[in-house]
Amino acid sequence: MFAVPEHHPSLLAGALLLLPPLLLLLLLLYLYATWTHGHWSALGVPCPSPPVPLFGHAMPSMLGRMHFMDVLHDLYRALGDRRFGGIYTMRTPQLLVKDPELIGECGVTMTITANGRPRLLVLPVFFRCHILIKDFNNFTDRGLYAGTHTNPLNNNIFFTRGERWKTMRQKLSPTFTANKLKYMNEQVKECTDSLLSTIGRTVREVADRIEIRDMMAKYSTDVIGSCAFGLKLDAINDPDSEFRKHGKTVFQPSLRSKIRVAVIFMQPSLLGIFRVHHYSHRTITFFRDAFRQTIEHRQRTNEDRKDFVHHLMKAREDLVLNPDLKPEEKFTEMDIVANAYILFIAGFETVSTSMSFCMYELALRKDVQDKVRKEIMEVKAKHNGEMNSECLNELPYMGMVIKETLRKYPPLVTLNRVVTKPYVLPGTAVKLKTGTKIVIPVHAIHYDPKYYADPEAFEPDRFSDENVHNLHPNTYMPFGDGPRFCIGKRFAEFEMKMALSEVLINYEVTPCEKTQIPIKYVIGSFVNIPESIWLKFKKLDT
Ligand code: HEM
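Residues numbered from 1 in each chain as written. Predicted model: local features only at pLDDT ≥ 70, side-chain atom pairs only at ≥ 80, totals over all residues.

A.B. asks: Mind laying out the site of the ligand, listing which residues take part and the relevant values?
C.D. replies: The immediate surroundings of the ligand are formed by 25 residues, with Ala346, Gly347, Gly480, Cys486 and Gly488 found nearest. With 7 residues, the single largest contributor to the shell around the ligand is helix 14 (residues 333-364). Considered class by class, the residues forming the shell around the ligand number 17 nonpolar, 5 polar and 3 charged. (Near = placed C-beta within 6 Å. Helix = DSSP H or I, 4+ residues; strand = E, 2+ residues; numbered from the N terminus. Nonpolar A, V, L, I, M, F, W, Y, C, P; charged D, E, K, R; others polar.)

Below, the structure is given as structure tokens:
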């Protein structure tokens, strides 16, 4: 009834001949995909779950099904009471450190109380600092892939290592002292005025519902352009602002950026071989030319402003042009441009998303919004209607609101370090080799109910003078910690307080029908970005 297919003998022989190389290929692929996945068991380090070949523990985020912050939360929870665990991002082993004592804190810390007086907090002596602080010399670098041969803009303080990082950090640190902020009052004030008039115009002429993430990103682009580089960008009024357009592309995930990240954790050498760029060629050229021109303009005109460019030019004199330096100590012109670039990039997205998250929470919590507004009005009245970097220190409640915002929404979900000298994890026999990657899951720690009761709730009072000493040390790290903590922290707080004060004194913000509750995040971005934050603005009679 049925015709049995007749196999041609030579076809069958051909198939049989192909089978062994095919099986060998499959075996080789399997070995490649799992080769590194025995790393942690060989060291006796527990894994939260068995790694998936090739993907390790990162499959849901690599396939775009989950934000990697949620993947980390799951892994963090799965480790239970363990102090640390071994995970794999694709083929790369990483040590996920949960224990705050391992992460780092010194025995003594200083806090500033509401009335401006410093208070010494003495922690128990057994509380020793490790990865971020005490043993920093074993973890001086982030160990993130920079590919500087192909991406010279990555030759900046964020990515550089060892002595070169130390030298550049020393040169750039003076940019951010409290004293220097005073010089920036006027520039920030000018940008805040533009922000207010844009909100006013939008509310009057377009709609009282505003997507604030984009607006705040334009504002912080203007602030960093002005304070850092003396450029009047006016991104807030210019829909075609090139700075905003290119800045946006750096943080917006694309298929290309997702593939690049997968390759970084799978086989980073491929990126070097194929000379893959991190950002589009147009973006690189744009920033390189813009900062080069700014620096050249300063050189020509001898204009002296106490801004970031001033310090970058000083670094150039000392590190690029200095004839006394040995060749290996020298930096290049492009290194200076790369540092200008990172100050711009690190400075705008973090600040603008943090301000947007803060306004979102204030819209949902009218009681907190009213309280912070009352505080601002009192301080403003005391200073004859003027706000500057000094009166911002008199806003303790606003400080608590910002702290709680950054607890719930740290822009960087993890801190990264790499072992730069072999290290034995304290209290264990686990020896980490040079090159081992360390991940500190900041976001997951900020949401651990062991450290923050009811972590989903927005409660600025956690950081009040009465409560702050109850917080567990090393469980609050939105700006990182140790010698590599965020260099722009003070500047960021200044900028956020200025904008929030002016907006809140003039407008009441409430949620509207377009507000996403809960917030949805952009999957695939390395910074914690909301898809959108729409709020309704109501003008107040002030
Ligand atoms: C809300 C705002 C901000 C947050 C939450 C933030 C957060 C962070 C974090 C978590 C790190 C890594 C720290 C570590 O590894 O221990 C970092 C590093 C850094 N940040 Fe920020 N940042 C903010 C604003 C800024 C601003 C305004 C600038 C500059 C204008 C800036 C420049 C940098 C630089 C250059 C580094 C690398 C420092 C180094 O390796 O020495 N950041 N930031």
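Picking up where we left off.
A.B. asks: Lay out helix 1 (residues 9-34) with the relevant residues and their values.
C.D. replies: Helix length check: helix 1, at 26 residues, gives a terminal C-alpha distance of 38 Å against a target of 38 Å (1.5 Å per residue), a fit within 8%. When the local axis directions of helix 1 are compared, the greatest deviation, roughly 30°, occurs at Leu19, which is followed within four positions by the proline Pro20. Burial analysis of helix 1 places just 0 of its 26 residues in the buried class, a small minority of the element. (Expected span 1.5 Å × (residues − 1). Bend = angle between axes of the 7 residues up to and from the residue. Buried ≥ 20, exposed ≤ 12 C-beta atoms within 10 Å, placed from the backbone.)

A.B. asks: Residue-level account of the sheet that holds strand 11 (residues 534-539), with values.
C.D. replies: Spatial ordering of the open sheet is given by 5-11-10, a layout of 3 strands whose pairing is antiparallel. Both outer strands of the open sheet, strand 5 (209-211) and strand 10 (507-511), are each paired with one neighbouring strand and no more. For this sheet the average axis-to-axis angle between neighbouring strands, irrespective of direction, equals 40°. Relative to strand 11, strand 10 runs antiparallel, the two sharing 5 bridges. By the bridge assignment for strand 11, Thr510 is matched with Lys536. (Pairing = 2+ DSSP bridges. Axes fitted to C-alpha atoms, helices over the stretch in contact; angles between N-to-C directions.)

A.B. asks: Quick one: what's the story with the packing of helix 12 (residues 281-301) against helix 14, residue by residue and with numbers?
C.D. replies: Packed helix pairs are specified by the crossing angle of their axes together with the interaxial distance, meaning the distance between the axes. Contact geometry of helix 12 with helix 14 gives a least axis separation of 9 Å together with a crossing angle of 105°. Overall, the two elements helix 12 and helix 14 adopt an arrangement that is roughly perpendicular. Where helix 12 approaches helix 14, its residues Phe287, Arg288, Phe291, Arg292 and Ile295 are matched on the opposing element by Ile336, Val337, Ala340 and Tyr341. Class assignment for the residues of the contact of helix 12 with helix 14 results in 7 nonpolar, no polar and 2 charged. (Parallel < 35°, antiparallel > 145°, perpendicular 65-115°, else oblique. Contact = placed C-beta atoms within 7 Å.)

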